[in-house]
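What the coordinates show
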Amino acid sequence: MANDFEICVFGAGNIGCYVGGRLAGARAKVSLVGRPAIVEEVATHGLHLTDLHGADIEVRPAQLRFDTAPNRAARADLILVSVKAGSTDEAGRSLAPLVRPGTVVISLQNGVRNADVLREHLPDCIVLSSIVMYNVSHRGEGRFHQGTEGEIIVSDHPALDRFASTFRNAGLPLLREADLTRVMWAKLLLNLNNPINALSGVPLKEELSQRKYRKCIGMAQLEALAILKAAGIRPARLTSVPPALMARLLGVSNFLFKGVAQSVLEIDPLARTSMLDDLERGRKSEIDYISGEIVRLGEQVGRTAPVNARLTELIKVAENGGRRHWSGAELLKTLKASGKSAPVR
């Protein structure tokens, strides 16, 4: 039977379409709010959702409600906010006059501050942070693919009880954590690979098979770990290997790393980051809320973050029509020289 509550996905991009589509496939009442292009695509093709474990789910257009306007949020019992981090304030302002007091709002976004921004606009709602641990890529014509393993981790709250079985039936069990702060910083550490993957221009598995790209990731993560330590933040352990050790293991030989990777994270050959998708589609990325977050935290504790500042610069150059594709050797060289070399064009 269908559930007696309504879910609105506000910002139906890769994650929003994938999560919303799987919920709709489990007979939840789901509405999607997104850009005109994605609304037209879903209206035409429906959703075809796949994952690395072999899931293959078709959601017909008739099973979904979709729109470019936020009005559907007014009837929602649960709102999943999945806009880009830079659009969180705008999303909060759009939702504020519509949502009912007590509505549960979950931020399904990259970054560590989105739920706080939403709470400022929605003080009478139950606003919860969450982390989507897996990657979703958009393949066109309503096709979205989960290319890495992982779950949705959400701040624990009794209001989640009403929705838990629906998420579980959709193959999206909610892992509930009392304190999500350390987990969010740990996820941000993993996301420091996003700009490197975007600048590589290749799928994740191919990028991670190359030692020089991995050394770039390690540099960004070790810099971030030092700043987190200075700020008194101890990131959670999300994999079988602690964050500091993983950052160092990224630089080992390809042969040794292959064994490490197999024990830590399953990635299929087609997986890629949303930041790579953003560059290829000419969209603004979330770099300010990933590498840029490390730069900001460094400024707060009196530390510089030249590697992450350089990655931020390189992505913004690419967003503005500049160079997009870097070999591992080229990228490693420019990161090692960060703070010394001239601006990239």
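For clarity, every value in this text was computed on a predicted model and none was experimentally measured.

**Remarks on the packing of aromatic side chains**
As enumerated under the stated definition, the model contains two aromatic pairs in all. When the ring of F5 is compared with that of F163, the centres are 4.8 Å apart and the planes differ by 85°; the resulting orientation is edge-to-face. Note that F5 is positioned in the segment before β1 (6–10) and F163 in helix α5 (residues 161–169), a separation of 158 residues in sequence. In this pair, the class of F5 matches that of F163, namely buried. Taken together, a centroid distance of 5.9 Å and an interplanar angle of 70° make the contact between Y18 and Y134 edge-to-face. Taken together, the residues span a long stretch of sequence, with Y18 in helix α1 (residues 14–25) and Y134 in the loop between β8 (126–132) and β9 (136–140) at a distance of 116 residues. When sorted by exposure, Y18 lands in the same class as Y134, which is buried. Of note, R296 hangs over the ring of Y289, and the distance from its end group to the ring centre comes to 5.8 Å.

**Digging into the nonpolar core**
Judged by nonpolar contacts, the single largest core of 52 residues is most densely connected at L192, I294 and L331. The element best represented in this core is helix α9 (residues 211–230), accounting for eight residues. Ignoring any residue separated from it by four or fewer positions in sequence, one finds L192 in contact with A220, Q221, A224, I290, S291, I294 and N308. With 39 residues, the next largest nonpolar core counts F5, L32, I38 and L49 among its residues.

**Thoughts on the pairing of strand β6 (residues 78–81)**
Because side chains alternate across β6, one face comprises the buried residues L78 and L80, and the other comprises I79 and V81, equally buried. Both β6 and strand β7 (residues 104–107) contribute to a ladder of four bridges, which runs parallel. Across the sheet, residue V81 finds its bridge partner in β7, namely S107. Crossover β6 to β7 through helix α3 (residues 88–95) is right-handed.

**Things to note about unusual backbone geometry**
Generally, phi is negative for residues other than glycine and the peptide bonds are trans, each holding for most cases. Despite not being glycine, R27 has its phi angle at roughly 75°, a positive value. Inspection of the secondary structure puts R27 in the loop between α1 and β2 (29–33). On the basis of relative accessibility, which here comes to 54%, the residue R27 falls in the exposed class.

**What about the pattern of salt bridges?**
In the structure shown here, the tally under the stated rule is 20 salt bridges. Close ionic contact of D288 with K316 constitutes a salt bridge, the shortest N to O distance being 2.9 Å. On the criterion of sequence distance, the pair formed by D288 in the loop between α12 (274–280) and α13 (291–300) and K316 in helix α14 (residues 306–319) is long-range, its members being 28 residues apart. Taken together, the shared-partner salt bridges connect D4, D77, R100 and R162 into one network.

**Focus: the sheet that holds β2**
Taken in spatial order, the eight strands make up an open sheet running β5-β2-β1-β6-β7-β8-β11-β12, and their pairing is mixed. At either margin of the open sheet sits one strand with a lone partner, and together these are β5 (65–67) and β12 (174–177). Averaged over all pairs of adjacent strands, the angle between their axes in this sheet comes to 25°, without regard to strand direction. Pairing analysis gives five bridges linking β1 to β2, with the strands arranged parallel. Across the sheet, residue F10 finds its bridge partner in β2, namely V33. Taken strand by strand, α1 contacts β1, β2, β6, β8 and β11 (152–155), and its axis lies near 160° from that of β2. The sheet contacts of helix α6 (residues 181–191) involve β8 and β11, and relative to β8 the element is tilted by about 40°.

**Focus on the packing of α9 against α14**
Contact pair α9 / α14: the axes reach a minimum separation of 8 Å and the direction vectors enclose 125°. If you check the angle between α9 and α14, you find them oblique. Between α9 and α14, the contacting residues are M219, A220, E223 and A224 on the first element and P306, V307, N308 and L311 on the second. A per-class count over the contact of α9 with α14 returns six nonpolar, one polar and one charged.

**Focus: a positive patch on the surface**
On the surface, R211, K212, K215 and K336 cluster together into a patch of positive charge. Among the elements that make up the positive patch, the one with the highest residue count is α9 (three residues). Topologically, R211 is positioned in helix α9. Judged by relative accessible area, which is 40%, R211 ranks as partly exposed.

Conventions adopted
- Each residue is numbered by its place in its chain's sequence as written, counting from 1.
- Residues qualify for local features only when their pLDDT is at least 70, as the model is predicted, and side-chain atom pairs are given and counted only at 80 or more; totals for whole chains, interfaces and linings, by contrast, use all residues.
- Think of the side-chain values as coming from all heavy atoms in the structure, minus any hydrogens and water.
- Ring pairs are drawn from Phe, Tyr and Trp, using the six-membered ring of Trp, whenever the two centres fall within 6.5 Å, and their geometry is named by plane angle: stacked under 30 degrees, edge-to-face over 60, tilted for the rest.
- Where helices and strands are cited, they refer to DSSP runs of H or I of at least four residues and of E of at least two residues respectively, numbered from the N terminus.
- Partly exposed describes any residue whose relative accessible area lies between the buried limit of under 20% and the exposed limit of over 50%, with all areas from a 1.4 Å probe on protein chains only and scaled to the type maximum.
- Only when the NZ atom of a Lys or the CZ atom of an Arg is both within 6 Å of the ring centre and within 35 degrees of the ring normal do we say a charge sits over the ring.
- Here the nonpolar core consists of buried residues drawn from Ala, Val, Leu, Ile, Met, Phe, Trp, Tyr and Cys, with membership extended through side-chain atoms lying within 4.5 Å.
- Contacts are assigned to residue pairs that have any heavy atoms within 4.5 Å of one another.
- Pairing between strands is defined by DSSP: at least two bridges between them are needed.
- Handedness of a crossover: with both strands directed away from the viewer, a clockwise path from the first strand across the helix to the second marks it as right-handed.
- Take a side-chain nitrogen of Lys or Arg and a carboxyl oxygen of Asp or Glu: if they are within 4 Å of each other, that pair is a salt bridge.
- An axis is simply a line fitted to the C-alpha atoms; with a helix, the fit covers only the stretch in contact. Between two such axes, the angle follows the N-to-C directions and lies from 0 to 180 degrees.
- An angle counts as roughly parallel when it lies under 35 degrees, as roughly antiparallel when it exceeds 145, as roughly perpendicular when it falls between 65 and 115, and as oblique in every other case.
- Charged means Asp, Glu, Lys or Arg here, nonpolar means Ala, Val, Leu, Ile, Met, Phe, Trp, Tyr, Cys or Pro, and polar covers whatever is left, Gly included.
- Residues with no salt bridge and a relative accessible area higher than 30% make up the patches, which join like charges within 9 Å and nonpolar side chains (Val, Leu, Ile, Met, Phe, Trp, Tyr) within 5 Å.
- We get accessible surface area from the Shrake-Rupley algorithm with a probe of 1.4 Å; when it comes to residues, only the shown protein chains can shield them.
- By the counting scheme adopted, Arg and Lys are positive, Glu and Asp are negative, and His together with the chain ends is not counted.
- Charged groups are reduced to one reference atom each: NZ for lysine, CZ for arginine, CG for aspartic acid, CD for glutamic acid.

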